[in-house]
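Coordinate analysis (summary)
Listed below are the residues making up each chain.
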Amino acid sequence: MLGSQEHILSKIASNDGHGENSAFFDGWKAYDADPYHPTKNPNGVIQMGLAENQLSFDLVEEWVRNNPKASICTAEGASQFKDIAIFQDYHGLPEFRNAVARFMEKVRGDRVRFDPARIVMSGGATGAQETLTFCLADPGEALLVPTPYYPANDRDLTWRTGVELVPVICDSSNGFRMTRDALEAAYKAALESNTAVKGLLLNNPSNPLGTVLDREALSMALSFTNEKNIHLICDEIYSATVFAEPGFVSIAEVLAESPDANPDLVHIVYSLSKDLGFPGFRVGILYSYNDAVVCCARKMSSFGLVSTQTQRTLASMLADEEFTQEFLAQSAARLGARRAALCQGLAQMGVGSLEGSAGLYCWMDLRRLLKAATFEAEAELWRVIVDDARINVSPGASFHCAEPGWFRVCFANMDEETMRVALSRISKLVVQRKSGEAARKQCRRRSKLEISLSFRRLEEIMMSPHSPMTSPLVRTMT
Amino acid sequence: MTISKKAACNSHGQDSSYFLGWEEYEKNPFHESTNPNGIIQMGLAENQLSFDLLESWLAANPDAASFKRDGQSIFRELALFQDYHGLPIFKNALAQFMAEIRGNKVQFDPNNLVLTAGATSANETLIFCLADPGDAFLLPTPYYPGFDRDLKWRTGVKIVPIQCTSRNGFRITSSAVEEAYKLAQKRNLKVKGVLITNPSNPLGITLSRKELNLLLNFVDKKGIHLISDEIYSGTVFDSAEFVSIMELLPNRNNPQLMNRVHVVYSLSKDLGLPGFRVGSIFSNDRLVVAAATKMSSFGLISSQTQYLLSAILSDHVFAKKYVAENRMRLRNRHAVLVSGLRRVGISCLESNSGLFCWVDMRHLLSSDSLEAEMELWKKVVYDVGLNISPGSSCHCAEHGWFRVCFANMTEDTLDLAIRRIKSFVDSISPIKNCRNSRSKSISKWVSRLSFHDRECDR
């Protein structure tokens, strides 16, 4: 079987580089098999593993209703249909690029300017990350990435590019902050294994930590990369999810303040999937200060351009500065309030989380509930959370975290009531765990679950790691 | 320094003449009123003939088009929908549309369809799935210039040409295929498959059953893949003449072969919607579907667009009507160009599909060489004011052929283009007939055409 597989498919298509065979997805499968619903399925699995921003759609929907001209399908906008439908220039609609540049400036409090000519489209941030990697590194070369990091980096940066990721270890001893020592250690390790390092990828605000990098950290990263003459990529996809002090500082600002830094080494990845909550529209943005990279990335963008229908809608929306101002303020406030509710609820049951001011999730500390300070124990605890508490959260191991016991918990993809239910389930679990009752119960459950999960693995239907198959659109339309 | 080899190299192919002609057009684009002496774009294979049909559908179906279902807004669900399996209603509608175009002689299981951001992404993704860096695919020449980028650039896969010539109307022969395979072996390249475009770009012809069967026999014998890019399938003037590769498979009763034949499709040509980035891969092999689906993460179709198109294509009455009407308009427009060219002594390859003609200008070359073809091309771009695509940019084995598009302009503009060609041919016909003064006259033309200090006086 393996032999004929190798014959039919390429190595890339046959290997695990897509990352979807990770146990990480078992939680998703459990959710898909039994999704929570307040009335129809109150004992189902609550999805807290999906970093989506669903808190401010009402604002967007109102804007869409009031601006029919933004759609090329309405009576008001249809005169534009033909021009929009035939436009396939990979520079993108000028009004789209301008609006995106302006929006990015606004998110950064107008402290920096973005040149629309440097804005390159891509198939989501997923596409932007891969494209940038293709532009900056050759197969066998490496990028440094601080841990814990977004799991799909493995797929996006390495799968088809042949580039490797070298982790920069961060741990809780200093709140998971990235240190110069850690960077140097990672760089040295790569050199020792004869691997050429081409760049450093930062995620600011951080997924999964929910923290922001301050000016000092960004300057340190900038000087480190300049010294080594390697690239600095900043994924700022969560930039508008910052809801509290310390506020967001973009690499763009630090670069503007560093006349000695080499701009040819600096690149920003962005998307509208998190800040606006539009993952379905596939709006990825690559912004580079390096002309050759802009040029090359633009040619590569042919492989993942943004639909002009979407460019048109968003160009209108983002150009409406009254709307964007209101949206950014409201969204941040709602995210802040929701996170506070989650963290306070956790604190009340003695569960801590890393202090953070951004993101759609918090980094929950369950080290005290581990049977041992090992990743096996973390996996065991995770199974209990999924099977007993019926909540899908993401274990730290899936983020390559160096210490066991941390879990990412998302809070912006549900309503308040669901979160209250989730909190009460966690509370029960914590109590049970502490009293040791859970240990016996989960032994019985796990053997049942292992059988059913392994059965599911044999199924040919692969679940998407993105949106679950139980999206209302799929349910009603299949 | 510090960027990758891919970024530094030229294999994106965009320095080829195909794209340079575009650049010249961009500098001086024709416009009926504001720039009537500008360059007419005939290098762009776009279908602009049937937008009115889509526009009137939209006007008649406001709810379907504006993110509403049963009067309720579904904006939010669409905005959140990023499942790489695609919107089921869209895949179903697309599968049915593809079947409709093939006269329902083939059915496509939506579960075997992978959605991608355009055929550009579909082709690249398939190559990533089927070949390793350094492997090769065989392609009949002439072929779409974009393949050099789409199939080779980031994948590291090579293209080895299957040479086709005008001796037999550019048809694919067994010997040409075998020769290409041998050439690949000589270069130490492992051949992973054959990729055909059917109907052909730039030829505008549908592949015959004979050609399709010989290709199937070949890939069967070698145990390799066959990719059929059927992006122009809806542009066949007479639907009865199109045979999709998928039609020929059931009779062969060969499941292994069936698993190695894959179809690429897109709505950019048939529906004229290149901006929407709608492409797809169809494969009977679930492993290929699974791998391609995962890769489609790098270029999914906007959910907003999937929804709009599912509404349009699910209207089967409309879809059927559109396909028939669109075909007829393309056929008529094609006839205008062919007859216009014939009147000035220029013939085209007899064709039955596509958005372009494959035009024979060999008799206008000063010599049978690439230089002469480029010389003629520059004349046509700068003196005649038409951007057409030289055969060399399509890797044609013979000099003097040009691809000329007809579906991306009004009929008036096409008439003007034909008049310009007539003036051009009339002005140089003395040269054609007079051997003695030939070199003198040619050099007079050539000296006016220095590429770098050309002043665009049109």
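As the structure is a computational prediction, the values presented were derived from the model and not from experiment.

Examining the overall build of chain B
Each helix and strand counted, chain B has 18 helices and 15 strands in total. Each of the three principal axes of chain B carries a C-alpha extent, and together these read 70 × 55 × 55 Å. The buried share of chain B, reckoned over its 458 residues, is 64%. Excluding contacts between residues fewer than 6 apart, the proportion of contacts in chain B whose partners are at least 24 apart in sequence is 75%. When the accessible area of chain B is evaluated, it comes to approximately 16600 Å², of which 49% is carbon and sulfur surface.

Some points on the pattern of salt bridges
Residues and elements named next belong to chain B. Within the structure shown, the criterion is met by 48 salt bridges over all chains. Between lysine 105 and glutamate 247 there is a salt bridge, and its shortest N-O distance comes to 3.9 Å. A residue pair is termed long-range when its members are at least 10 positions apart, and lysine 105 in the loop between α6 (88–101) and β4 (113–116) and glutamate 247 in helix α11 (residues 245–252) qualify at 142 residues. Using a relative accessible area of 45% as the deciding quantity, one classes lysine 105 as partly exposed.

Re the sheet that holds β4(B)
All names here are of chain B. The strand order across the open sheet built from seven strands is β4-β10-β9-β8-β7-β5-β6, with neighbouring strands paired in mixed fashion. Two strands lie at the open edges of the sheet, namely β4 and β6 (158–162), each paired on one side alone. The mean angle between the axes of side-by-side strands here comes to 25°, regardless of whether they run parallel or antiparallel. Of the strand pairs in this sheet, strand β5 (residues 136–140) and β6 are connected by five bridges, and their pairing is parallel. Across the sheet, residue alanine 136 finds its bridge partner in β6, namely lysine 158.

Describing helix α6 (residues 94–107) of chain A
Residue and element names in this part refer to chain A. When the terminal C-alpha atoms of α6 are compared, their 20 Å separation across 14 residues agrees well with the 20 Å that a helix rising 1.5 Å per residue should span. Among the 14 residues of α6, ten are classified as buried, and the element is accordingly described as predominantly covered. All of the buried residues in α6 are Phe96, Arg97, Ala99, Val100, Ala101, Phe103, Met104, Glu105, Lys106 and Val107. Summarising the contacts, the buried residues of α6 are in contact with β2 (119–123), β7 (266–271), β8 (283–288), α12 (291–300), α13 (308–319) and α14 (321–348). Glycine 109 sits one or two positions beyond α6 and adopts a positive phi of about 60°.

Some remarks on the side chain of B:Ser228
Residues and elements named next belong to chain B. Here serine 228 is to be found in strand β8 (residues 225–229). There is a polar contact of 2.9 Å between the side chain of serine 228 and the side chain of glutamate 230. Excluding anything up to four places from it in sequence, serine 228 contacts Ile196, Asn198, Ile245, His262, Val263 and Val264.

Describing the confidence of the model for chain A
Residue and element names in this part refer to chain A. Confidence in the prediction of chain A, expressed as mean pLDDT, is 90, and 90% of residues score 70 or more. Taken as a whole, residues 449–472 scores under 50 in pLDDT and shows 52 contacts with residues more than four places along the chain or in a different chain. When the criterion is pLDDT under 50, residues 474–478 qualifies, and its contacts beyond four places in sequence or with other chains add up to ten contacts.

Digging into unusual backbone geometry
Residue and element names in this part refer to chain A. For the bond running from glutamate 245 to proline 246, omega is -5°, close enough to zero to count as cis. With respect to the helices and strands, proline 246 occurs in the loop between β6 (231–235) and α11 (251–256). Located in the positive-phi region is asparagine 229, a residue other than glycine, with phi close to 55°. By secondary structure assignment, the location of asparagine 229 is in the loop between α10 (215–228) and β6. Classification of asparagine 229 as partly exposed rests on a relative accessible area of 38%.

As for α11(B)
Residue and element names in this part refer to chain B. Considered for burial, the residues of α11 that qualify are Ile245, Met246, Glu247, Leu248 and Leu249. Looking at the buried residues of α11, the elements they touch are α10 (209–222), β8, α12 (255–258), β9 (261–266) and β10 (279–283). Downstream of α11 by one or two residues, asparagine 253 has phi in the positive range, about 50°.

Remarks on the packing of aromatic side chains
Residue and element names in this part refer to chain A. Tallying each qualifying case throughout the model produces 27 aromatic pairs over all chains. Relative to tryptophan 363, the ring of phenylalanine 176 lies with its centre 6.1 Å away and its plane at 80°, an arrangement referred to as edge-to-face. With phenylalanine 176 in the loop between β4 (164–168) and α9 (180–192) and tryptophan 363 in strand β10 (residues 361–365), this residue pair connects regions lying 187 residues apart in the sequence. One exposure class covers both phenylalanine 176 and tryptophan 363, and it is buried.

Analysis parameters
Residues numbered from 1 in each chain as written. Chains lettered and ligands numbered in written order. Predicted model: local features only at pLDDT ≥ 70, side-chain atom pairs only at ≥ 80, totals over all residues. Heavy atoms only, no water. Helix = DSSP H or I, 4+ residues; strand = E, 2+ residues; numbered from the N terminus. Buried < 20%, exposed > 50% of the residue type's maximum accessible area, 1.4 Å probe, protein only. Contact = heavy atoms within 4.5 Å. Areas by Shrake-Rupley, 256 points an atom, 1.4 Å probe, with all protein chains shown as cover. Salt bridge = Lys/Arg side-chain N within 4 Å of Asp/Glu carboxyl O. Pairing = 2+ DSSP bridges. Axes fitted to C-alpha atoms, helices over the stretch in contact; angles between N-to-C directions. Expected span 1.5 Å × (residues − 1). Polar contact = N/O pair within 3.5 Å; in protein donor to acceptor, adjacent residues only side chain to side chain. pLDDT = per-residue confidence, 0-100. Phe/Tyr/Trp six-rings, centres within 6.5 Å; stacked < 30°, edge-to-face > 60°.

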